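Working through the structure, step by step
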Amino acid sequence: MSSAPTSSALTPRPADLQTAALHTAVEGLFRATDSACVLEVCEAVIQALGIQGTLHWRLLDASSEPEPDIPQHLDLAEDPQGLRMLVLQLPGDPLPEHLGDQLSWLGRLASSRLRQLAETSRLYEAISRLAMAERLQRALYAIADQASTEHNMAEMMHSLHAILGSLMYAENFYIALYDAATDSVRFPYYVDTMDKDPPAPDQSVPLQDMRHSLTWNLLQSGQPIMGSVDELARQFSGQFVLLGPVCEHWLGVPLLRDGRVMGGIVMQSYREDTHYTQHDRELLSYVAKHVQTALERREAHAELERRVTSRTAALREANRVLRQQVLQRQRGERLQAALFRIAELANASESLENFYAAVHRVIGGLLYARNFYIALLDEEPNQLTFPYSVDEFDTVRLPRSHGRGLTEYVLRHGKPLLAAPEDIDRLQRVGEIGQHGSRSVCWLGVPLIWGERSMGVLAVQSYSPEHTYDVRDQELLTFVSYHVANALQRKHTTESLKQAYAGLERRVTERTRALALANRDLREQIAERERVERRLKYETLHDSLTGLPNRTLLLQRLEQALQRYHGNAQDLFAVLFIDLDRFKVINDSVGHLVGDDLLFQVGGRIRACLKTRDVVARLGGDEFAVLAEGITDARMALLIAERIIAELQTPFRLGAKEIFTSASIGIALPGPHYQRPEELLRDADAAMYRAKDEGRHRAAVFDDRLRREALSLLEMEGDLRRALSRNEFVPFYQPIVSLEDGRTVGYEALLRWRHPDRGLLTPSDFLAVAEESGCSESIDWQIFDQVCAQAEALAGNDGFVSINVSGRHFRSADLDRRLLDLLEAHKLPPHCLRIEVTERALLENASQVKRILDTLRAHGVGIALDDFGTGYSSLSYLHQYPIGTLKVDRSFITELPREGSHSVAVVRAIQVLADSLQMQVIAEGIEEESQREALLRIGCRYGQGFLFAIPRAADVWLQREYHFALP
């Protein structure tokens with residue numbers, strides 16, 4: 001605002017207008033988004049105060065001095081972002097003292113807001129830089145990941161194009177690969193919106209055919225090239241020939257390997273408004289190194305795949321021949337074993353049901369017998385029964401009269417039948433058979449004959465074209481049927497039993513000879529199995545990657561060492577638990593193959609640092625363990641650990657890369673309290689984590705302090721869970737009083753633990769362990785329940801009791817419903833309860849938190865913002881959430897009323913802000929009378945602290961008479 005100068009700089013204004021202007025200034029400055037808005041708000045306030053003057057910006061430099069013809073000027077606020085000062089020029093008389101104080105107050109507010117805006121701008125710039133760096137990092141990870149994906153080369157090139165497109169303008173993009181052996185160039189990937197005749201990906205072009213082109217110059221110079229066509233023509237005067245469409249701007253960088261040009265990456269722009277910058281050139285040059293690495297890894301991977309494919313084909317052919325030989329031998333062995341098994345079944349004294357099932361299993365080992373049944377003629381004429389049947393479709397086969405099915409056909413003719421669908425159709429046409437059961441693709445049945453009569457049928461069938469039967473299967477099944485029939489006949493006649501015994505003697509002789517041969521084969525198999533068992537035992541006790549002992553073998557050796565130590569306490573040893581630092585970063589950046597190679601070399605280096613009898617084992621991932629024997633004290637174990645750390649600090653050469661890593665080592669020494677080797681490993685692991693916490697790349701020894709901490713933590717977790725079941729957590733109440741007359745207007749419920757051994761504990765003694773063990777929310781609800789039971793008696797008709805609700809509770813969507821149900825269960829009026837939340841809780845899942853608080857406020861529950869002033873102190877909280885009370889943090893109250901302290905101004909600003917929003921202010925942590933008096937001068941009406949009372953149990957306060965009054 002600019003005002004014409006007058007003889008006086010003041011125009012009287014009513015006091016109420018000036019007060020309103022100051023309130024408007026506070027709100028306007030908090031809403032200001034830039035320095036121009038701050039200037040407008042200050043102009044409006046100066047006008048409202050009746051001051052006639054001119055506001056302008058003055059740069060903060062030595063040459064900037066006020067003009068001599070202006071009577072006076074006043075520096076209001078400094079803008080750190082623009083390095084300038086907001087100056088009020090007053091042409092008239094000096095200002096009165098009260099207006100000077102108001103202008104000084106306005107200047108402090110404006111300066112504070114300008115500093116906030118400058119800090120916000122700086123943060124936005126930092127975020128932008130971080131976002132660009134993160135985008136580049138993701139792109140580099142994606143490029144490295146392309147080398148290990150299953151995509152083909154074209155898909156990989158397309159992915160690289162998309163990755164570069166996320167970093168800069170890359171609509172027109174191609175990759176050229178140079179082959180020095182043939183002096184030719186190939187374009188495996190080429191995308192150009194203007195080029196109607198792109199080169200084929202697998203076509204090689206002689207480099208001389210592209211002489212003096214931009215690609216030719218890029219490959220010849222081995223340096224990045226960037227510019228428009230005119231600029232490049234001047235740059236390569238005499239050696240410039242334009243091939244393809246004319247572009248607006250061109251950018252290309254070489255792909256280098258050991259200083260030799262292997263190709264190039266090129267991007268073109270046909271748009272007048274899109275040119276590449278030096279930043280784009282540097283970025284593309286940096287990315288090109290990673291693209292070259294990805295291409296090299298992909299080419300190596302492709303070459304490896306070609307070799308593996310060729311070797312696999314040769315092995316597959318050899319394996320096919322070998323499998324044929326094995327199958328032939330197995331078929332003969334299965335047939336021989338089946339015959340022996342059938343002979344055994346015929347002589348076994350098992351029931352018929354078990355006999356049928358065993359026959360089915362034997363036949364199933366010789367041919368496809370998923371659908372199998374046995375049919376027998378019953379003593380009653382024309383009755384057919386099925387004592388055993390397993391079928392996919394006909395699950396139950398009931399007895400039936402003698403009809404014209406396939407089974408009856410075999411019985412009538414007394415010979416086997418192998419029937420395909422066409423054979424079944426033919427028999428149906430001539431009237432030999434009818435239809436019984438589900439129709440099969442192939443059916444094979446053989447008669448069961450004894451006494452020269454067909455007394456039953458043994459049948460298998462297939463419902464799938466994949467499984468059919470042939471003449472060989474028919475002969476095999478016919479042979480099996482003889483044995484089945486013999487076994488059945490023995491069940492009915494004694495004569496058949498004698499014949500069966502005679503046949504059994506003959507089969508025993510044959511079986512004895514066969515068993516001799518089988519026994520010889522069995523001994524050979526036993527020898528082979530022992531060799532395999534030795535190999536499996538070695539693999540079971542050693543790591544497959546490094547060849548080092550694994551956890552199982554280490555624990556065995558460690559148990560032996562522990563037993564020797566218990567027998568002789570002088571036989572000391574040490575357990576070293578080694579973990580590589582930042583191994584996951586190496587794995588993610590260079591790939592798992594390089595990571596495995598690194599682990600192999602790390603194991604070798606650790607082994608080289610130890611004596612021959614010491615054991616180094618890989619426990620898994622990047623964790624190793626060492627059993628060092630023959631040591632004298634912890635100092636000697638530390639020397640071994642430092643030697644290992646120093647050895648691992650030497651760079652690792654893995655292919656073309658040089659990898660650096662380090663290790664953190666935990667050391668555990670034996671003691672009488674160790675009974676199992678796992679306990680030593682556990683304590684060494686704990687010591688390793690302490691080494692990591694102390695900065696990594698170091699060693700730490702497990703001592704009594706660590707053991708006490710672990711035992712104390714375990715004991716505390718157990719006590720917490722027992723305390724929940726015993727209801728040992730109780731609320732203590734601290735009064736909230738009126739600062740003027742000391743009246744008690746409410747209470748704040750505070751958590752206490754009545755520990756049976758340690759006495760009364762405050763949250764600082766156990767809350768961290770409770771949060772880590774997941775008990776904190778259960779403790780809170782136990783306290784909430786007790787508070788709701790005691791609140792009405794404490795609060796009376798007009799008072800309240802406040803509870804602290806942490807941010808964890810707001811992660812539950814039904815928090816409001818659970819609290820309201822708790823109030824209803826205890827018949828507690830909602831106005832007697834007040835919820836205290838922190839600013840941090842409002843930040844997490846803001847929409848859900850607001851919904852919960854709105855619901856509680858709508859039912860009459862009060863909402864208080866705890867520790868106000870220590871967090872963001874954003875006004876948006878006060879507008880968005882139904883907050884009725886601000887609790888000023890004790891850190892501001894402690895410094896009242898010290899000279900030079902900013903706490904008075906902060907508390908006064910909070911009080912003014914709360915008054916304007918019609919909110920209640922409660923000061924926390926009042927311990928001195930001077931603090932109470934300072935708060936009364938500021939205008940704060942309520943507070944709590946040790947000056948009035950310490951927290952006590954509910955029965956203490958209920959024994960006294962308190963008269964509550966509304967604030």
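Rules behind the numbers
- Residues numbered from 1 in each chain as written.
- Predicted model: local features only at pLDDT ≥ 70, side-chain atom pairs only at ≥ 80, totals over all residues.
- Heavy atoms only, no water.
- Core = buried A, V, L, I, M, F, W, Y, C linked by side-chain atoms within 4.5 Å.
- Buried < 20%, exposed > 50% of the residue type's maximum accessible area, 1.4 Å probe, protein only.
- Helix = DSSP H or I, 4+ residues; strand = E, 2+ residues; numbered from the N terminus.
- Contact = heavy atoms within 4.5 Å.
- Axes fitted to C-alpha atoms, helices over the stretch in contact; angles between N-to-C directions.
- Parallel < 35°, antiparallel > 145°, perpendicular 65-115°, else oblique.
- Nonpolar A, V, L, I, M, F, W, Y, C, P; charged D, E, K, R; others polar.
- Expected span 1.5 Å × (residues − 1).
- Bend = angle between axes of the 7 residues up to and from the residue.
- Pairing = 2+ DSSP bridges.
- pLDDT = per-residue confidence, 0-100.
- Polar contact = N/O pair within 3.5 Å; in protein donor to acceptor, adjacent residues only side chain to side chain.
- Salt bridge = Lys/Arg side-chain N within 4 Å of Asp/Glu carboxyl O.
- Left-handed = near helix turned anticlockwise from the far one by under 90°.

**Considerations on the nonpolar core**
Considering soluble globular proteins, one finds that nonpolar side chains tend to be buried as a cluster. In terms of nonpolar packing, the biggest core is built from 72 residues, with Phe729 and Ile835 touching the most fellow members. Looking at this core element by element, the count peaks at nine residues for helix H20 (residues 776-795). When near neighbours in sequence (up to four residues on either side) are disregarded, Ile835 contacts Ile803, Val805, Leu819, Leu856, Val861, Gly862, Ile863 and Ala864. The next biggest cluster of nonpolar side chains, apart from the first, holds 33 residues, and it includes Ile374, Val446, Tyr469 and Ala485.

**Some thoughts on unusual backbone geometry**
Negative phi characterises most residues that are not glycine, and trans characterises most peptide bonds. Of note in the backbone geometry, His212 takes a positive phi value of approximately 70 degrees without being a glycine. Along the polypeptide, His212 turns up in the loop between strand E6 (204-206) and helix H5 (214-221). A positive phi is found at Lys827, a non-glycine position, where the angle reads about 55 degrees. A relative accessible area of 66% places Lys827 in the exposed class.

**Section: the packing of helix H14 (residues 583-590) against helix H15 (residues 592-608)**
Each packed pair of helices is defined by two parameters, the angle between the axes and the distance between the axes. Interhelical geometry of H14 versus H15 gives an angle of 135 degrees and a closest axis separation of 7 Å. Taken together, the axes of H14 and H15 lie oblique to each other. Of the residues in H15, those in contact with Phe583, Ile586, Asn587 and Val590 of H14 are His592, Val594, Gly595, Leu598 and Leu599. A per-class count over the contact of H14 with H15 returns six nonpolar, three polar and no charged.

**Topic: the side chain of Thr274**
Within the element layout of this structure, Thr274 appears in the loop between strand E9 (260-269) and helix H7 (278-347). Each residue touching Thr274, except ones within four places of it in the same chain, is listed here: Tyr169, His249 and Ser269.

**Re H20**
Counted at 1.5 Å a residue, the expected span for H20 with its 20 residues is 28 Å, and the 26 Å between its end C-alpha atoms agrees. Most pronounced at Ala789, the bend in H20 amounts to some 35 degrees. Looking one or two places after H20, you find Gly796, whose phi comes out positive at around 70 degrees.

**Details of the sheet that holds strand E21 (residues 662-668)**
The strands making up a sheet are joined through hydrogen bonds of the backbone, oriented either antiparallel or parallel. The strand order E17-E18-E16-E21-E22 describes an open sheet built from five strands, whose pairing is mixed. Across the chains shown, the open sheet's two edge strands, defined by having one partner strand only, are strand E17 (615-620) and strand E22 (699-701). In this sheet, adjacent strand axes meet at a mean angle of 20 degrees when their direction is disregarded. As paired strands, strand E16 (residues 573-581) and strand E18 (residues 623-629) are joined by seven bridges and run antiparallel to one another. If you follow Leu576 over to E18, its bridge partner there is Val626. Packed on one face of the sheet, H15 meets E16, E17 and E18 and runs near 15 degrees to E18.

**Concerning the confidence of the model for the chain**
For the chain, per-residue confidence averages 82 on the pLDDT scale, and 89% of positions sit at 70 or higher. Contacts for the low-pLDDT stretch residues 1-10, under 50 throughout, to residues beyond four places or in other chains number 28 contacts. For residues 962-967, every residue scores under 50 in pLDDT, and the model assigns this stretch 21 contacts once sequence neighbours within four places are set aside.

**Remarks on the side chain of Arg808**
Among the structural elements, Arg808 can be located in the loop between strand E26 (800-804) and helix H21 (815-825). A distance of 3.1 Å separates a polar atom in the side chain of Arg808 from a polar atom in the side chain of Glu771. If sequence neighbours within four positions are ignored, Arg808 has contacts with Glu771, Ser776, Glu777 and Asp780.

**Quick look at the pattern of salt bridges**
Within this structure, the stated rule accounts for 33 salt bridges. Among the salt bridges present, the one from Arg520 reaches Asp521, with a minimum N-O distance of 3.9 Å. Taking the shortest distance from any N to any O, the salt bridge between Arg682 and Asp683 comes out at 3.1 Å. On the basis of relative accessibility, which here comes to 6%, the residue Asp683 falls in the buried class. In the salt-bridge network here, residues are joined through shared partners; they are Arg557, Arg564, Asp571 and Glu629.

**Some words on the environment of Tyr881**
In this structure, Tyr881 sits in the loop between helix H24 (875-880) and strand E29 (885-888). What makes Tyr881 buried here is its relative accessible area of 5%. As a C-alpha pair, Tyr881 and Arg851 span 30 residues in sequence and 9.0 Å in three-dimensional space. With residues up to four places along the chain from it excluded, the contact list for Tyr881 reads Leu842, Ala846, Val849, Lys850 and Leu853. In terms of polar contacts, Tyr881 uses its side chain to reach the backbone carbonyl oxygen of Leu842, at 3.2 Å.

**With respect to the packing of H21 against helix H23 (residues 846-858)**
Axis separation between H21 and H23 bottoms out at 9 Å; the angle between their running directions is 25 degrees. Relative to H23, the element H21 is oriented roughly parallel. Handedness of the H21/H23 crossing: right-handed. Residues Leu815, Asp816, Leu819 and Leu820 of H21 lie in contact with H23, whose contacting residues are Arg851, Ile852, Thr855 and Leu856.

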